[in-house]
Amino acid sequence: MYFCNQIAIDLKHNRIFILLISIFLISCHHKQERVMTPWGEEIGTDINGSWKSGSVTEDESSFDLDDIVHAGELIVLTIAGPQTCYDYHGSRLGMHIMLCQKLADSLGVRLRTELCRDTLELRTRLDAGEADLIAYPISSLDSIWPGWIVSSEKIKLKETIRHWYDYRRIAQVQQEEQRLLSTGGVRRKVFAPMQNRGEGIISRYDAIFQKHCLAIRWDWRLMAAQCYQESTFDPNAISWAGARGLMQIMPQTADHLGLARTDLNNPEKNIAAAARYLSQLEESFKDIQSRNERQNFVLAAYNGGSHHIRDAMALARNAGHNQYRWSEVSEFVLKLSQPQYYQDPVVKYGYMRGSETVDYVQKIRDRYQQYRGVKAKTQVSSMPQKSRNAKHRKKFNV
C-alpha cells in the first residue's frame, strides 16, 4: 500500500514538473516570436493569439496628460452660454472657455471646443472618449473646480488642473472679457462721418465705394455708412480679435475671399473684398424677397454671423412672426441672450450678444439716411471704355 501511494505521489510530481517545463518552453517559444514595429516598439501576442504592440498597456489607453501634450490638442466639451462659450467677432468668449484657453496655453497645446446641446450629450461624449474634459458647471462627484469634469482615467490631467487653478483666475478672465467687449476693442483714429458736407464728400474713399458697389448693385453710400461704423474711415484700424482695415475683415475671412493678409490695410483691396463678402451674404439670404429687407439681414450677418441670424429667423417663425422682416426678427436677435430662447430646440448656434448687432444695423441705417443726399462726384462704370464708345456711336449714328 505504501509503495502504491509513493508511486502516485511521484507520478503527480512528474506531471507537475512536465507541466512547468511545457509552460517554460511555450513562453520561450512566444518570446522568440516577438518582433519590432518600424517605429521601434515590440510586438507580441495576447492570450488569444492576436497581435498587439508590446508597449501598450491598459493604463495607457486612457489618453492622459502626456498623450494630450504629444497630440498637441486639448478637446473640451461645453454648452453655449454667456458664462461658458459664445462666438464674438470670430473669437470665442465666455469665462469657462477663456479659462480653458489659458489652461491649453499653459500646457503648450491648442484648444478645440465642441458645443453640445445638453448635459446628457456632455456626459455621453466624455464617457465615449471624444473629449478630455467638460467645461460646464455640473454637480458631480467627478467634478473639479469650476464644476469641470475630467474622465476618471485621466489622473494626471485632473491633478494638473487642480494645481493650475487659482481662484483669482476668474476675476482676471472676467476683466479681460469686459475689456474685449468694450468699445475700446478696436484701435482706430476717429475721422468725421462727413469729410466735406458742403461739397458732398463723405470720405476720401468715395470713388472706391462707388466702383465696387456697382458690381454688387449696392448703394455706395450704404457701404460707406457701414464702413464708418466699422472703422470710422481709418484704414489702419485693428480690433482685439485681429480684424483689420476699413471694413474690419478677419484674417480667416480674407483667406476665404482671396485677399492676401498683407493687403488687409490696403483701402481698395479691403473694400473690394468686403463687397465680395456682402454679395455672398446677400446670396445666402436670397429667400428674402425684399431687397431693402435683405440688406438689413446682410448687415446683421456681417456683424453677428449668418448662423445666429438664421436662428433668430427660426424663433420668429415659430412665434408666428414674419421671419423675412427685420423689425420682427431683430426682437429675437435680442432674445438670443436669454436661456429660454438660445436653448430652444430650433436654435442651432446658441447664445448671442444680440444687442450689439441690432444696434449695428440701426446706426448704419440712420447714417445712411444722412448720406442719401450726397450725390456721386465720380461716375464709375464696370463697362469697358470701348463698349461704351461703341454704344454711344450707334446711338448717335457717328
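Summary of the structure given here. What you see is a predicted model, and the numbers here were worked out from it, not measured in a lab.

**A word on the overall build of the chain**
Turning to step 1, where the next piece is worked out: If you tally the helices and strands in the chain, you get 16 helices and twelve strands.
Turning to step 2, where the next piece is worked out: Partitioning the intrachain contacts of the chain with sequence separation of at least 6 by distance along the chain shows that 58% fall at a separation of at least 24.
Turning to step 3, where the next piece is worked out: When the accessible area of the chain is evaluated, it comes to approximately 22,900 Å², of which 52% is carbon and sulfur surface.

**Considerations on the packing of aromatic side chains**
Turning to step 1, where the next piece is worked out: For the coordinates displayed, the defined rule picks out eight aromatic pairs.
Turning to step 2, where the next piece is worked out: Aromatic pair tyrosine 277 and tyrosine 302: ring centres 5.4 Å apart, planes at 50°, arrangement tilted. Note that tyrosine 277 is positioned in helix α10 (residues 267-284) and tyrosine 302 in helix α11 (residues 291-304), a separation of 25 residues in sequence.
Turning to step 3, where the next piece is worked out: The class of tyrosine 302 is buried, set by a relative accessible area of 11%.
Turning to step 4, where the next piece is worked out: Pairing phenylalanine 285 with phenylalanine 297 gives two aromatic rings, centres 6.1 Å apart and planes at 40°, and the pair type is tilted. Taken together, the positions of phenylalanine 285 in the loop between α10 and α11 and phenylalanine 297 in helix α11 put the pair twelve residues apart, joining distant regions of the chain. One exposure class covers both phenylalanine 285 and phenylalanine 297, and it is buried.
Turning to step 5, where the next piece is worked out: An aromatic cluster is defined as three or more aromatic residues linked by ring pairs; in this entry it consists of Tyr86, Tyr342 and Tyr351.

**Regarding the nonpolar core**
Turning to step 1, where the next piece is worked out: Core analysis: the biggest nonpolar cluster contains 87 residues, and Leu133, Trp148, Phe209, Met223, Ile249 and Ile309 have the highest contact counts within it.
Turning to step 2, where the next piece is worked out: Looking at this core element by element, the count peaks at eight residues for helix α3 (residues 95-107).
Turning to step 3, where the next piece is worked out: Counting eleven residues, the second-largest nonpolar core is a separate cluster that includes Cys116, Leu122, Tyr136 and Ile149.

**Details of helix α5 (residues 155-164)**
Turning to step 1, where the next piece is worked out: Residues Leu157, Lys158, Ile161 and Trp164 constitute the buried set of α5. Projected onto a plane normal to the axis of α5, the buried residues spread over an arc of 130° and lie on a single side. Turned more than 90 degrees away from the buried face of α5, the exposed residues are Ile155 and His163.

**Some points on the environment of leucine 246**
Turning to step 1, where the next piece is worked out: Mapped onto the secondary structure, leucine 246 falls in the loop between β12 (238-239) and α9 (251-257).
Turning to step 2, where the next piece is worked out: Residues leucine 246 and cysteine 227, 19 residues apart in the sequence, show an inter-C-alpha distance of 6.1 Å.

**Some thoughts on the side chain of glutamine 248**
Turning to step 1, where the next piece is worked out: Structurally, the position occupied by glutamine 248 is in the loop between β12 and α9.
Turning to step 2, where the next piece is worked out: Within the structure, the side chain of glutamine 248 is placed 3.0 Å from the backbone oxygen of glycine 245, a separation counted as a polar contact.
Turning to step 3, where the next piece is worked out: When residues no more than four places from it in sequence are discounted, the contact partners of glutamine 248 are Val186, Glu230, Ala237, Ile238, Ser239, Ala243 and Asn270.

**Describing the packing of helix α8 (residues 220-231) against helix α15 (residues 354-371)**
Turning to step 1, where the next piece is worked out: Look at α8 against α15: their axes get within 8 Å of each other, and the N-to-C directions meet at 130°. Comparing the axis directions of α8 and α15 gives the class oblique. Considering only the axes of α8 and α15, their crossing is right-handed. Note on element contacts: α15 touches α8 through Tyr360, Lys363, Ile364, Arg365, Arg367, Tyr368 and Tyr371, opposite Arg221, Leu222, Ala224, Ala225, Gln226, Tyr228, Gln229 and Glu230.
Turning to step 2, where the next piece is worked out: Among the residues making up the contact of α8 with α15, the classes are represented as eight nonpolar, two polar and five charged.

**Some points on helix α13 (residues 326-335)**
Turning to step 1, where the next piece is worked out: Burial in α13 covers these residues: Trp326, Glu328, Val329, Ser330, Phe332 and Val333.
Turning to step 2, where the next piece is worked out: Residues of α13 that are buried make contact with α11, α12 (306-318), α14 (339-342) and α15.

**Some remarks on unusual backbone geometry**
Turning to step 1, where the next piece is worked out: The phi dihedral of threonine 232 is positive, around 50°, even though this residue is not glycine.
Turning to step 2, where the next piece is worked out: Here threonine 232 is to be found in the loop between α8 and β12.
Turning to step 3, where the next piece is worked out: Assessed through its relative accessible area of 5%, threonine 232 is described here as buried.
Turning to step 4, where the next piece is worked out: For phenylalanine 233, which is not glycine, the phi dihedral falls at a positive 65°.
Turning to step 5, where the next piece is worked out: Within the secondary structure, phenylalanine 233 is located in the loop between α8 and β12.
Turning to step 6, where the next piece is worked out: Its relative accessible area of 4% is what places phenylalanine 233 among the buried residues.

Rules and cut-offs
- Residues numbered from 1 in each chain as written.
- Predicted model: local features only at pLDDT ≥ 70, side-chain atom pairs only at ≥ 80, totals over all residues.
- Heavy atoms only, no water.
- Helix = DSSP H or I, 4+ residues; strand = E, 2+ residues; numbered from the N terminus.
- Contact = heavy atoms within 4.5 Å.
- Areas by Shrake-Rupley, 256 points an atom, 1.4 Å probe, with all protein chains shown as cover.
- Phe/Tyr/Trp six-rings, centres within 6.5 Å; stacked < 30°, edge-to-face > 60°.
- Buried < 20%, exposed > 50% of the residue type's maximum accessible area, 1.4 Å probe, protein only.
- Core = buried A, V, L, I, M, F, W, Y, C linked by side-chain atoms within 4.5 Å.
- Arc of directions from axis to C-beta.
- Polar contact = N/O pair within 3.5 Å; in protein donor to acceptor, adjacent residues only side chain to side chain.
- Axes fitted to C-alpha atoms, helices over the stretch in contact; angles between N-to-C directions.
- Parallel < 35°, antiparallel > 145°, perpendicular 65-115°, else oblique.
- Left-handed = near helix turned anticlockwise from the far one by under 90°.
- Nonpolar A, V, L, I, M, F, W, Y, C, P; charged D, E, K, R; others polar.

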